[in-house]
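Residue strings, one per chain:
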Amino acid sequence: MKHHLYHPDFPFVLAPESFDKYTDRSLLQYSLGATMYMPGTKDYAPKILSGNLSGLTTIVFCFEDACPEAQVLQAEENVYRLLDTVGNAVEQGTLSKDSVPLIFVRIRDLQQFERFAAKLKKSQIRYLCGINFPKFNAQNGRAYYELLRHLNRRFGEILYGMPIIEDPAVAYKESRMDELLKIKEILLEYRDLVLQVRVGGTDFSSVFGVRRGVDYTIYDIAPVRDCLADIINVFGRNNDFVISGPVWEYFRAPKELMFDTLPEHGLEDYLLKRVPLVNNEIDGLLREVILDKANGFIGRTVIHPTHVKFVNALMAVTKEEYLDAMMILGNPEGGVLKGEGSNKMNEIKPHTNWATKIAYRARAFGVIENEGAYFRLFAD
């Protein structure tokens, strides 16, 4: 699997690398990009077998919010069949292993996780990348990861866990920091099994009875912004964990997105100054992803396939960013250097964590010439 395959002839400065579930965790955690959630009942096997994924590399089959309780057993059987179908196609040579996306399931609770895990077979585990844990908190977190560790030992395989921090104990200011620190203790204990930390912007919004409109970002909603800031503060220190951004709820597919003449201004000029670019729904998504990057989030949850290429395009690294990062990482002795373009200061030690993130993003999503190339990368 590789990002931006819908644009095979794109002139990258440095092309993105291939990855699968067995890629080293240090890179894989940066590679998920746009992670699309869908109901566990959806038969997605035909899409995978056809290779018609439109750039989608990471899928989560949901047994929780997107799946009515009465259909959970049906959803579980659907996922077992999908894993069997994909595995058989790879074994028979009708599907390239490189074409298999990262597949996750989002369980409902520990009891449902235990039932789902009990019927998993080793042949299915090879094509399942991991488990997403909803409403992850200090009370249920250790039990989730203990069962996950048991599965890894039982099959001699690797299954990752991705906690979703969206619990009211984190939303409430008086309990937030204590809860986050307790969660971090759990994640540090099982660090080798933590692929990403995910956040639930919709659940946080629900606690306060708010919902961002299409013209607002999640960062405009003050109580939710505060939750996200504290999550970054606790889990993003020294790049301890990769944290992905919350879902954008609005979608309207552009009928056509070709730029005969490239826009005259930079991408951020359009989006942050509210100059129309694509349409309200896509512009809002792009604006929020730009702010994700500014705040330290990598990738995000998506609920519509039209969002995938926009999110993944903006995860690419510009040549200037990449050269600055290489300069910083190539001078471990410290000091201050004039940055690429002679327009900034690269202070080696303070900028090392940033440079490390840029280096991994470059490997996962590629390096593009400049900001104007974003338009070409997400154009049809």
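Since we're looking at a predicted model, the values are computed, not measured. (Residues numbered from 1 in each chain as written. Predicted model: local features only at pLDDT ≥ 70, side-chain atom pairs only at ≥ 80, totals over all residues. Heavy atoms only, no water.)

Quick look at the overall build of the protein
- When its secondary structure is counted, the protein shows 16 helices and 11 strands.
- For the protein, the C-alpha radius of gyration of 20 Å lies close to 21 Å, the compact-globule estimate for 380 residues.
- A buried classification covers 55% of the 380 residues belonging to the protein.
- Within the protein, counting contacts between residues at least 6 apart in sequence, those at least 24 apart form 76% of the total.
- Looking at charge distribution, the protein has the averaged site of its 45 positive side-chain charges lying 2 Å from that of its 50 negative ones. (Helix = DSSP H or I, 4+ residues; strand = E, 2+ residues; numbered from the N terminus. Rg over C-alpha atoms; globule rule 2.2 N^0.38 Å. Buried < 20%, exposed > 50% of the residue type's maximum accessible area, 1.4 Å probe, protein only. Contact = heavy atoms within 4.5 Å. Lys, Arg positive; Asp, Glu negative; His and termini not counted. Charge placed at Lys NZ, Arg CZ, Asp CG, Glu CD.)

Things to note about the environment of E321
- By secondary structure assignment, the location of E321 is in helix α14 (residues 319-329).
- Taking the C-alpha atoms as reference points, E321 and V367, 46 residues apart in sequence, are found 8.8 Å from one another.
- Ignoring any residue separated from it by four or fewer positions in sequence, one finds E321 in contact with W354, I358, R361 and Y374.

Some remarks on helix α12 (residues 280-295)
- Under the 1.5 Å per step criterion, the end-to-end length of α12 is 22 Å for 16 residues, consistent within 8% with the ideal 22 Å.
- Listing the buried residues of α12 in full gives E281, I282, D283, G284, L285, L286, R287, E288, V289, I290 and D292.
- The N-cap of α12, judged by a side-chain oxygen 3.1 Å from the amide nitrogen of E281 a few residues on, is N279.
- Following α12 by one or two positions, G296 has its phi on the positive side, about 105°. (Expected span 1.5 Å × (residues − 1). Polar contact = N/O pair within 3.5 Å; in protein donor to acceptor, adjacent residues only side chain to side chain.)

What to know about the pairing of strand β4 (residues 130-133)
- Across the two faces of β4 the burial is the same, with G130 and N132 and I131 and F133 all buried.
- In this sheet, β4 lies alongside strand β3 (residues 102-106) in parallel orientation, the contact comprising 3 bridges. Looking at β4, one finds that F104 is bridged to G130.
- For the handedness criterion, the β-α-β arrangement of β4, helix α6 (residues 141-155) and strand β5 (residues 160-165) is classed as right-handed. (Pairing = 2+ DSSP bridges. Right-handed = clockwise from strand over helix to strand, strands pointing away.)

Considerations on the pattern of salt bridges
- Counted according to the given criterion, the structure contains 26 salt bridges.
- Between K135 and D203 there is a salt bridge; the shortest N-O distance is 3.2 Å. On the criterion of sequence distance, the pair formed by K135 in the loop between β4 and α6 and D203 in helix α9 (residues 201-208) is long-range, its members being 68 residues apart.
- With a closest N to O distance of 3.8 Å, R191 and D240 form a salt bridge. Taken together, the residues span a long stretch of sequence, with R191 in the loop between α8 (173-189) and β6 (198-199) and D240 in the loop between α10 (222-235) and α11 (267-272) at a distance of 49 residues.
- The buried category is assigned to D240, whose relative accessible area is 16%. (Salt bridge = Lys/Arg side-chain N within 4 Å of Asp/Glu carboxyl O.)

Re unusual backbone geometry
- With phi around 50°, K135 is a residue other than glycine that occupies positive phi space.
- Owing to a relative accessible area of 24%, K135 belongs among the partly exposed residues under this scheme.
- Of note in the backbone geometry, N238 takes a positive phi value of approximately 50° without being a glycine.
- Mapped onto the secondary structure, N238 falls in the loop between α10 and α11.

Concerning the packing of helix α4 (residues 110-118) against α6
- In the contact formed by α4 and α6, the axes pass within 10 Å of each other and the chain directions differ by 10°. Compared by their axis directions, α4 and α6 come out roughly parallel. Within the contact between the two elements, α4 uses L110, F113, E114, A117 and A118 and α6 uses A143, Y144, L147, L148, L151 and R154.
- Within the contact of α4 with α6, the residues separate by chemical class into 9 nonpolar, no polar and 2 charged. (Axes fitted to C-alpha atoms, helices over the stretch in contact; angles between N-to-C directions. Parallel < 35°, antiparallel > 145°, perpendicular 65-115°, else oblique. Nonpolar A, V, L, I, M, F, W, Y, C, P; charged D, E, K, R; others polar.)

Observations regarding the side chain of R25
- Position of R25 among the secondary structure elements: in helix α1 (residues 25-31).
- Of the side chains with opposite charge, D24 lies nearest to the buried R25, which makes no salt bridge, at 7.0 Å.
- When residues no more than four places from it in sequence are discounted, the contact partners of R25 are Y160, R191, D192, V194, L195 and F241.

A closer look at the sheet that holds β3
- Read across the sheet, 7 strands follow the order β6-β5-β4-β3-β2-β1-β7 without closing on themselves; strand pairing throughout is parallel. Because the sheet does not close on itself, it has two edges, and the strands there are β6 and β7 (300-302).
- Here 2 bridges tie β5 to β6, and the two strands are oriented parallel to one another. Paired with I165 across the strands is V199, a residue of β6.

So, the nonpolar core
- The biggest cluster of nonpolar side chains holds 115 residues, and the ones touching the most others in it are Y44, F113 and F235.
- For this core, the element with the most residues is helix α3 (residues 72-92), which contributes 9 residues.
- Among all residues touching Y44, those that are not within four sequence positions of it are M36, M38, L53, L56, I59, F61 and L82. (Core = buried A, V, L, I, M, F, W, Y, C linked by side-chain atoms within 4.5 Å.)

Notes on the packing of aromatic side chains
- Summed over the entire model, instances satisfying the criterion amount to 16 aromatic pairs.
- The structure contains a cluster of three or more aromatic residues connected by ring pairs, namely F113, F133, F136, Y144, Y145 and Y190.
- Note that R191 overlies the ring of F241, its terminal NZ or CZ placed 5.3 Å from the centroid. (Phe/Tyr/Trp six-rings, centres within 6.5 Å; stacked < 30°, edge-to-face > 60°. Lys NZ or Arg CZ within 6 Å of the ring centre and 35° of its normal.)

Purely spatial values, then, with no claim about function.
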